[in-house]
Amino acid sequence: MERSVEALERDLKSVRKYYGSGKTKDASWRESQLKGLQNFIVEREEEIVRALKHDLGKHYVEAFRDEVGTLMKTLNLATKSLKKWMAAKEAKLPQIALLSSAELVPEPLGLVLIISSWNFPFGLSLEPLIGAVAAGNTVVLKPSEMSPSCSSLLATVLPTYLDNKAIKVIEGGPEVGELLLQQKWDKIFFTGSARVGRIVMSAAAVHLTPVTLELGGKCPALVDSLSFSWDREVAAKRILVAKFGACAGQACIAIDYILVEKGFSSNLVSLMKVWIKKMFGENPKESNTIARIVNKKQFMRLKNFLTEPKVKESVVVGGSMHENDLFIEPTILLDPPLDSEIMSEEIFGPVLPIITLDKIEDSVEFINSRPKPLAIYAFTKNQTLQRRLLSETSSGSLVFNDAILQYIADTLPFGGVGECGFGKYHGKFSFDLFSHHKAVARRSYFTDFWFRFPPWTLQKLQLLEVSYNLDYLGILLVILGLKRSKRSLS
Amino acid sequence: MAGAESGSQKKVFDAEAASFLVKELRESFGSGRTRSYEWRVSQVKALLKAVVENEDQIVDALRSDLAKPPLETVVYEVGMFKNSCEVILKELKHWMVPEKVKTSISTFPSSAEIVPEPLGVVLVISAWNYPILLSLDPVVGAIAAGNAVVLKPSEIAPASSSLLAKLIEKYMDNSFIRVVEGAVDETTALLQQKWDKIFYTGNGKVGRIVMTAAAKHLTPVVLELGGKSPVVVDSNINLKVAARRIISGKWGLNNGQACISPDYIITTKDCAPKLVDVLKTELENCYGKNPLESEDLSRIVSSNHFARLSKLLNDDKVSGKIAYGGEKDEKKLRIAPTVLLDVPQDSLIMGEEIFGPLLPIITVNKVEESIDVINSGSKPLAAYIFTNNKKFKEQFVKNVSAGGLLVNDTVLHLVVHTLPFGGVGESGMGAYHGKFSFDAFTHKKAVLYRSFAGDASLRYPPYTDTKLRLMKALIGGSIIGIIRALFGWS
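Worth saying up front: this structure is predicted, and the values here are computed from it rather than measured.

Draft legend 1. The arrangement of the overall build of chain B in detail. Check the secondary structure of chain B and you find 16 helices and 18 strands. Looking at chain B as a whole, 62% of its 490 residues qualify as buried. Contacts in chain B between residues far apart in sequence, at least 24 positions, make up 70% of those at least 6 positions apart. Accessible surface for chain B amounts to roughly 18,100 Å². Of this, 53% is attributable to carbon and sulfur atoms. With 58 positive and 54 negative side-chain charges, chain B shows a spacing of 7 Å between the two charge centroids.

Below, the structure is given as structure tokens:
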């Protein structure tokens with residue numbers, strides 16, 4: 001679709017005008033939009049799932065678990081909590097306060113831009129959208145052109161459920177993205193790569209627009225030499241489903257690589273072999289439970305990782321690639337070289353390197369010598385190690401004995417640190433992200449201390465000082481002339 | 001450059017030196033020492049001591065840089081900083097405690113917490129108008145949060161800048177806390193480095209440069225900018241009290257050179273002459289008949305700013321509008337408190353932040369129109385309203401967007417540490433003061449704990465219809481649904 005700058009600017013102007021009318025600030029408007037989103041999800045579930053199958057080959061269950069279901073959960077929470085979130089929060093005042101009351105009033109930012117990503121085209125578009133409308137903003141959403149069926153469903157069907165004067169969906173590729181970024185927004189929410197993240201933030205700087213960047217990174221999973229076979233099995237299963245069962249590893253919080261003690265690695269590999277077969281069958285491609293690679297370009301990128309000779313030699317499970325169907329079999333590598341591309345770039349695909357260490361404790365140093373990841377996963381019962389990971393490493397989130405699950409815990413903020421981005425959302429955090437918390441203080445005309453006003457004298461200085469320290473007795477003493485200052489004003 | 005042990009010879013601070021500095025601090029930060037409560041408290045105390053023991057020098061430095069009245073220095077620079085430190089010393093332990101959060105049935109059984117952790121090495125670039133407070137308040141927040149810090153004070157207040165360099169070298173742990181003095185070149189060298197956060201106080205023009213530089217490294221920024229903060233004066237109020245409160249916030253704060261000082265007044269046509277009269281009387285009470293000689297007013301910081309303010313005053317559109325003041329002394333860089341009545345919206349003075357002792361008054365027919373006047377410009381850092389009309393008050397709070405709103409006074413919201421201080425839109429992004437300072441320099445890590453027990457097979461492929469039903473029930477949080485799905489009833 002061709003879009004001219006003029007048409008876009010005209011559209012945005014009318015959205016801003018609509019925002020100016022104050023309509024979107026009403027709780028009833030916000031509720032109606034949340035309701036609209038809910039109806040879209042429920043009534044269009046079939047189409048959503050079909051679009052995901054078409055663009056990414058996602059299985060119905062996976063599509064429900066990661067996109068439809070989580071969105072329903074978020075919408076339930078937002079609808080239920082909206083009034084509470086919108087309420088002003090009182091700020092405590094010191095007893096001697098000159099102010100009579102102070103509160104924090106959440107207010108919408110205005111017109112916000114959401115640029116989402118292709119791997120969870122509904123989740124990553126609507127999760128922030130829910131926050132933005134709950135906070136009372138007008139919104140432009142640009143879905144990713146790399147999942148075209150999903151993008152088109154969002155552009156053609158979603159608007160029929162929402163107030164189109166306030167919420168627009170604009171489809172397109174990088175040119176449209178660039179066009180949008182030239183406009184002035186009150187917030188930009190971007191999910192994607194660090195490279196584009198830099199472009200987004202530079203563009204935002206021109207208008208002093210705050211941004212949230214949800215990027216990726218190499219998320220490690222360390223696996224301790226677990227002594228119970230049950231634990232080992234559960235760990236292996238959770239790792240496999242988190243890696244291969246969530247868009248075939250094409251997720252920002254997917255496990256990127258595993259850290260394990262040398263002695264335990266063969267045990268882990270054979271366990272995984274068994275469970276890959278149990279989950280995905282003898283022929284994973286035919287099982288239709290694993291998503292495919294999004295496009296040829298991404299496929300070739302992954303293929304190139306694996307063609308590096310030393311990396312190729314390290315394949316211990318899988319490794320087959322079907323270019324025509326854009327399918328890569330669940331693949332596990334054992335100790336590929338650390339300076340290989342696959343160990344320096346985010347993998348974002350169904351390939352899982354295992355790196356062996358002499359001692360599992362070495363993983364702390366291993367992780368800290370690399371950029372901060374979006375998530376760290378640690379399968380261990382060792383409390384000392386847990387504590388060390390907690391206090392000595394830094395990451396967006398830290399999960400013990402599971403993976404990916406933090407995405408659906410809406411009491412936890414979801415977002416990165418360092419190279420993997422900044423800004424947090426999910427649950428109440430989404431609401432806060434799209435709100436300005438305005439400080440509002442009130443006073444009466446009564447008490448006015450004469451010492452607030454010039455001309456300045458030594459006594460006024462003393463009085464101001466004691467009242468800052470909330471020293472009642474001091475005030476009295478100064479007024480009565482019983483307390484001398486060590487200062488002089490000259 | 002302070003804190004560098006490279007020898008007595010003063011070297012140029014270039015990109016290489018900056019890169020070396022950051023590398024050094026990063027290595028120190030890696031030791032983990034700044035994470036401990038003890039280190040943080042010792043440094044907050046040391047900084048507090050540096051200020052308390054050297055109050056006289058601070059007063060002298062500000063007198064030299066701005067002819068700032070000692071009382072203003074003691075109250076707003078030293079006093080407020082002391083307050084900040086005391087709040088930190090009292091609350092820090094509490095702030096550092098991880099926050100336990102509830103988890104839902106979909107991740108059951110699990111526990112979760114939000115763990116505050118330092119960001120790393122941060123840069124604070126401060127301003128010349130409150131050179132001590134605007135430097136040390138963010139620095140102490142960064143320290144409380146456990147970061148290593150580099151402070152770049154403003155070269156436009158040279159005495160304060162060199163005092164800060166001296167004090168921090170003498171009192172602080174220089175393996176983590178440093179000062180770099182300098183102007184554009186030094187700042188450019190610093191901005192080329194990778195920081196974990198940049199905290200900038202100043203103007204929108206440089207704010208854009210800072211954010212653009214930060215974008216290259218994906219560094220989050222806090223921008224504390226200014227804007228035209230309006231004061232709305234209703235007619236039904238005690239004008240004398242209002243006038244005095246406006247005076248103390250405008251001329252009593254560095255002679256109008258403060259980011260939150262009232263920039264212009266909006267009042268009704270009827271009320272305007274009365275307000276001007278009261279302002280005249282009260283200004284004379286405060287600063288005498290010859291304000292150019294008053295010791296209780298700061299001077300203009302530099303000849304550049306003096307020229308800029310003169311230009312605003314010499315604009316043809318406002319030259320006949322001076323209702324009070326207007327006297328200037330170029331040699332001493334002094335401008336008297338000046339009130340301008342009925343200034344047109346398209347004048348120079350209404351087109352930029354004034355940041356000086358000029359106060360234009362805009363008149364409207366009905367006071368309610370002030371909301372439209374304010375909303376037609378960009379969002380200010382603060383908005384003040386004097387009224388007894390409850391309905392108008394609420395209308396104003398709801399419809400005017402600003403960093404902070406204060407009813408029936410000016411500036412005081414700044415001293416309430418339970419309120420966040422920061423802008424929105426053109427007036428900046430991010431907030432600080434009290435706990436908000438700690439949060440501004442903290443990453444909130446999401447931590448989820450799971451055990452190996454209670455693993456539901458529904459998470460794992462091969463996917464079946466029962467699994468899908470169960471998942472739907474779990475997402476909906478419906479116990480009945482779960483039971484039905486388990487028994488295969490639905």
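Draft legend 2. Fine view of the domain arrangement of chain B. All names here are of chain B. One can read the domain layout of chain B as domain 1 (5–225 + 434–443) and domain 2 (230–422). With 19 residues of domain 1 at the contact, the number on the domain 2 side is 25 residues. Carbon and sulfur atoms make up 59% of the surface buried where domain 1 meets domain 2, a total of about 1,800 Å² over both sides. Interface area lost by domain 1 to domain 2 is led by L66, W128 and F436, which between them contribute 25%. Across the domain 1-domain 2 interface, the total number found is six residue pairs in polar contact (both at pLDDT 80 or more). Where the side of domain 1 that touches domain 2 is concerned, the elements lending two or more residues are α3 (55–66), α4 (70–96) and α14 (435–440). With four residues, the top contributor of residues to the side of domain 1 that touches domain 2 is α4.

Draft legend 3. Highlighting the interface of chain B and chain A. Across the contact, 106 residues belong to chain B and 113 residues belong to chain A. When chain B packs against chain A, the two sides together hide about 8,800 Å² of surface, and 62% of this comes from carbon and sulfur. Among the residues of chain B in contact with chain A, L218, F452 and Y463 of chain B are the three that bury the most area, contributing 11% of the side total. One salt bridge connects E426 of chain B with K184 of chain A, and the closest N-O pair in it is separated by 3.6 Å.

Draft legend 4. Representation of the side chain of S394 of chain A in the model. By the element assignment, S394 of chain A lies in the loop between α16 (383–392) and β16 (397–400). Polar contacts involving the side chain of S394 of chain A include one to the side chain of E117 of chain B, which spans 2.3 Å. What S394 of chain A contacts, discounting residues up to four positions off in sequence, is N368, K372, P373, I376 and V417 of chain A together with E117, H443 and K445 of chain B.

Draft legend 5. Focus on the packing of helix α2 (residues 37–53) of chain B against α4 of chain B. Residue and element names in this part refer to chain B. At a closest axis distance of 10 Å, the pairing of α2 and α4 adopts a crossing angle of 170°. As the angle between them shows, α2 and α4 are arranged roughly antiparallel. Residues Y37, R40, V41, V44, K45, L47, L48, V51 and V52 of α2 lie in contact with α4, whose contacting residues are V78, F81, K82, C85, I88, L89, L92, K93 and M96. Each residue belonging to the contact of α2 with α4 can be placed in one class, and the counts come to 14 nonpolar, no polar and four charged.

Draft legend 6. Summary view of the pairing of strand β2 (residues 110–118) of chain B. All names here are of chain B. Of all nine residues making up β2, seven are buried, and the element is well covered by its neighbours. As defined by bridge partners, β2 adjoins strand β18 (residues 442–450) across nine bridges and the pair is classed as antiparallel. Its bridge partner being in β18, E113 is matched across the sheet by V447.

Draft legend 7. Structural view of the packing of aromatic side chains. All names here are of chain B. Summed over the entire model, instances satisfying the criterion amount to 16 aromatic pairs over all chains. Pairing W39 with F176 gives two aromatic rings, centres 5.2 Å apart and planes at 75°, and the pair type is edge-to-face. Note that W39 is positioned in helix α2 and F176 in the loop between α6 (158–171) and β5 (177–179), a separation of 137 residues in sequence. With a centroid separation of 4.8 Å and an interplanar angle of 75°, the aromatic rings of F199 and Y432 are classed as edge-to-face.

Draft legend 8. Structural detail: the UniProt feature "active site" (unreviewed entry) in chain B. Residues and elements named next belong to chain B. Per the UniProt annotation, the sites labelled "active site" (unreviewed entry) are E224 and C259. In sequence the annotated residues extend across 36 residues, while in space they remain close, none of their C-alpha pairs exceeding 8.7 Å. Structurally, E224 is set in strand β7 (residues 221–224). A residue is classified by how much of its surface remains accessible, and E224, at 3% relative accessible area, is buried. If sequence neighbours within four positions are ignored, E224 has contacts with F199, Y200, T201, G202, F421, G422, G423, S427, G430, A431 and Y432. As for its position among the elements, C259 is in the loop between α9 (239–250) and β9 (264–268). A residue is classified by how much of its surface remains accessible, and C259, at 15% relative accessible area, is buried. When near neighbours in sequence (up to four residues on either side) are disregarded, C259 contacts N129, L225, G226, S229, E353, F355, L381 and F421.

Draft legend 9. The arrangement of the packing of helix α4 (residues 60–86) of chain A against helix α5 (residues 123–134) of chain A in detail. Residue and element names in this part refer to chain A. Where α4 contacts α5, the axes come no closer than 10 Å and their chain directions differ by 5°. It follows that α4 is roughly parallel to α5 by the angle criterion. Contact residues: E67, T70, L71, T74, L75, A78 and L82 in α4; G123, L126, E127, I130 and A134 in α5. Looking at the contact of α4 with α5 residue by residue, the classes come out as seven nonpolar, three polar and two charged.

What counts, and where the lines are drawn
- Residues numbered from 1 in each chain as written.
- Chains lettered and ligands numbered in written order.
- Predicted model: local features only at pLDDT ≥ 70, side-chain atom pairs only at ≥ 80, totals over all residues.
- Heavy atoms only, no water.
- Helix = DSSP H or I, 4+ residues; strand = E, 2+ residues; numbered from the N terminus.
- Buried < 20%, exposed > 50% of the residue type's maximum accessible area, 1.4 Å probe, protein only.
- Contact = heavy atoms within 4.5 Å.
- Areas by Shrake-Rupley, 256 points an atom, 1.4 Å probe, with all protein chains shown as cover.
- Lys, Arg positive; Asp, Glu negative; His and termini not counted.
- Charge placed at Lys NZ, Arg CZ, Asp CG, Glu CD.
- Domains from an automatic or database assignment.
- Buried area = accessible area lost by both parts, 1.4 Å probe.
- Polar contact = N/O pair within 3.5 Å; in protein donor to acceptor, adjacent residues only side chain to side chain.
- Salt bridge = Lys/Arg side-chain N within 4 Å of Asp/Glu carboxyl O.
- Axes fitted to C-alpha atoms, helices over the stretch in contact; angles between N-to-C directions.
- Parallel < 35°, antiparallel > 145°, perpendicular 65-115°, else oblique.
- Nonpolar A, V, L, I, M, F, W, Y, C, P; charged D, E, K, R; others polar.
- Pairing = 2+ DSSP bridges.
- Phe/Tyr/Trp six-rings, centres within 6.5 Å; stacked < 30°, edge-to-face > 60°.
- UniProt positions renumbered as here; feature names shortened; annotations may be inferred.

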